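Letter by letter, the chains look like this.
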Amino acid sequence: MEAGALVIIFALLVLFSFLGLGAWATVKAVGAAKRGVDRTITQARRTVEDTTLKAKSLGQVGVTASLAQLRLDLRTSMRATQQALHDGVRSDPSLKESIGLFERLSAHGRELDDELRRLEQEPDRKRIAAILPELRERAATIKQSADSLRWAARERARRFAEDELSSLSEQIEVESGALRDWSRESVDDLAAAAAAWDAAQTPPGAAPGRGAQAEPGPAALNPTAPAPSYPWQKAPRPETTT
């Protein structure tokens, strides 16, 4: 009975584990889907707002058109800078500090954009016209900072690409030169290599260019030649026999 109870408890634990994993996976999937929907809604809302701002800046005049144009320029610059920095940090981690600065700048940009949106509904156009130069100056400062970050990141990426291309071209030129030298090996180099090989094969003391002479064998097999005779020497006496 105890063994059967243990088996049942173990089976229940496995079942609950699978149920827990299934619930966790479901929650993750629902969360991912929700984030995807939120991103889609946010993108659609931004597209509608940008289209509305373009229509106001082109179809109206006066303060309303100025406010719409300020918002449109500000949003376009900030969005382009954000995209450039996030794309560049994938290959250049040093841009993380620039992204931190841009996030601080984005807080000022969002604050100004919200203020411009509220002023679009303001009925007192004279008061808006009075503060419009200050709003333009704030927008220009934020836009200039965002543009500076964006172009600096792009210039940095372009310099890295140019340096890498220059280094690669130099390596290819060196490799091409080595291949050309190998395919055009001169006759003098071949002759010098052959002479060096012959010199390495010649034993010490032998004349260069000739084969090694045979070592003299034992006296019994190779008797010494008779000594030369000279006119002033006496003829040797013949040996006597008994």
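Owing to the predicted nature of the structure, the values given are computational and were not obtained by experimental measurement.

About the cut-offs
Within each chain, residue numbers correspond to sequence positions counted from 1 in written order. Predicted model: local features are reported for residues with pLDDT of at least 70 only, side-chain atom pairs are reported and counted for 80 or more only, and whole-chain, interface and lining totals are derived from all residues. Heavy atoms from the whole structure form the basis of all side-chain values; hydrogens and water molecules are not counted. Numbering of helices and strands runs from the N terminus; a helix is a DSSP stretch of H or I covering at least four residues, while a strand is a stretch of E covering at least two. Categorising residues by exposure relies on relative accessible area from a 1.4 Å probe, with only protein chains included: less than 20% of the type maximum marks a residue as buried, more than 50% marks it as exposed, and the intermediate range marks it as partly exposed. Contacts are assigned to residue pairs with any non-hydrogen atoms lying within 4.5 Å of each other. Note that accessible areas follow from Shrake-Rupley with a 1.4 Å probe, and for residues the cover is restricted to the protein chains shown. A pair is scored as a salt bridge if a Lys or Arg side-chain nitrogen falls within 4 Å of a carboxyl oxygen belonging to Asp or Glu. To estimate how far a helix should reach, multiply one less than its number of residues by 1.5 Å. Nine residue types can take part in a nonpolar core, namely buried Ala, Val, Leu, Ile, Met, Phe, Trp, Tyr and Cys, and a core is a set of them joined through side-chain atoms within 4.5 Å. Values of pLDDT, ranging from 0 to 100, describe the predictor's confidence in every residue of the model. Nonpolar side chains (Val, Leu, Ile, Met, Phe, Trp, Tyr) are joined into patches within 5 Å and like charges within 9 Å, using only residues with over 30% relative accessible area and no salt bridge. The pairing test for Phe, Tyr and Trp rings, Trp by its six-membered ring, is centres within 6.5 Å, and the orientation test on the planes gives stacked under 30 degrees, edge-to-face over 60, and tilted for anything in between. Any Lys NZ or Arg CZ that is within 6 Å of a ring centre and within 35 degrees of that ring's normal is treated as a charge sitting over the ring. Axis lines are fitted through C-alpha atoms, for helices just across the contact stretch, and the angle between N-to-C directions can take any value from 0 to 180 degrees. Any angle between 65 and 115 degrees counts as roughly perpendicular, while under 35 counts as roughly parallel, over 145 as roughly antiparallel, and the rest as oblique. Handedness of a crossing is defined here by the sense of rotation of the near helix relative to the far one, left-handed for an anticlockwise turn of less than a right angle and right-handed for a clockwise turn. Classes in brief: Ala, Val, Leu, Ile, Met, Phe, Trp, Tyr, Cys and Pro nonpolar; Asp, Glu, Lys and Arg charged; the others, Gly included, polar.

On a plain count of helices and strands, the protein comes out with 5 helices and 0 strands. By residue count, 19% of the 242 residues in the protein fall in the buried class. Across the protein, contacts joining residues at least 24 apart in sequence account for 68% of those joining residues at least 6 apart. Total accessible area computed for the protein in this model is approximately 19400 Å², and 60% of it derives from carbon and sulfur atoms.

So, about the pattern of salt bridges. Inspection of the entire model under this criterion finds 12 salt bridges. Residue Arg 159 is joined to Glu 155 by a salt bridge in which the shortest nitrogen-to-oxygen separation is 3.5 Å. Here the residue Arg 159 and the residue Glu 155 both occupy positions in helix 4 (residues 125–183), the gap between them amounting to 4 residues, near one helical turn. Each of Arg 71, Arg 75, Asp 113, Asp 114, Arg 117 and Glu 120 takes part in salt bridges that share partners, so that together they form one network.

Here helix 3 (residues 96–120) contains 25 residues, and its C-alpha end-to-end distance of 36 Å stays within 8% of the 36 Å for a straight helix at 1.5 Å per residue. When helix 3 is considered as a whole, its buried residues turn out to be Ser 98, Ile 99, Phe 102, Leu 105, Ser 106, Gly 109, Leu 112, Asp 113, Leu 116, Leu 119 and Glu 120.

Moving on to the nonpolar core. The biggest cluster of nonpolar side chains holds 22 residues, and the ones touching the most others in it are Leu 67, Leu 70, Met 78, Leu 112, Leu 116, Leu 135 and Ile 142. When residues of this core are traced back to their parent elements, those giving at least two are helix 2 (63–88), helix 3 and helix 4. Of all the elements, helix 4 adds the most residues to this core, at 8 residues. Not counting residues within four places of it along the chain, the set of residues in contact with Leu 70 comprises Leu 116, Leu 132, Leu 135, Arg 136 and Ala 139.

Mean pLDDT over the protein works out to 77, with 62% of the residues at or above the 70 mark. When mean pLDDT is compared element by element in the protein, helix 3 scores highest at 94, while helix 1 (residues 2–59) scores lowest at 67.

So, about a nonpolar patch on the surface. A surface patch of nonpolar side chains, amounting to about 510 Å² of accessible area, comprises Ile 8, Leu 12, Leu 15, Phe 16 and Leu 19. On the secondary structure map, Phe 16 appears in helix 1.

Glancing now at the packing of aromatic side chains. If you walk through the whole model with that rule in mind, you get 0 aromatic pairs. The ring of Trp 151 is capped by Arg 154, whose NZ or CZ atom sits 5.2 Å from the centre of that ring.

Here we come to the side chain of Arg 150. Following the sequence through the fold, Arg 150 ends up in helix 4. Discounting residues that sit within four places of it in the chain, Arg 150 has contacts with Ser 77, Ala 80, Thr 81 and Ala 84.

This part covers the packing of helix 2 against helix 3. It is the contact of helix 2 with helix 3, at a shortest axis distance of 10 Å, that shows an interaxial angle of 160 degrees. In this view, helix 2 runs roughly antiparallel relative to helix 3, as classed from their interaxial angle. In terms of crossing hand, the pair formed by helix 2 and helix 3 is left-handed. Every residue of helix 3 that contacts helix 2 at Leu 67, Ala 68, Leu 70, Arg 71, Leu 74, Arg 75, Met 78, Thr 81, Gln 82, Leu 85 and His 86 is listed here: Ser 98, Ile 99, Phe 102, Leu 105, Ser 106, Gly 109, Leu 112, Asp 113, Leu 116, Arg 117, Leu 119 and Glu 120. For the contact of helix 2 with helix 3, the class distribution of residues is 12 nonpolar, 6 polar and 5 charged.

One can find Ala 68 in helix 2. Taking the C-alpha atoms as reference points, Ala 68 and Ala 55, 13 residues apart in sequence, are found 8.7 Å from one another.

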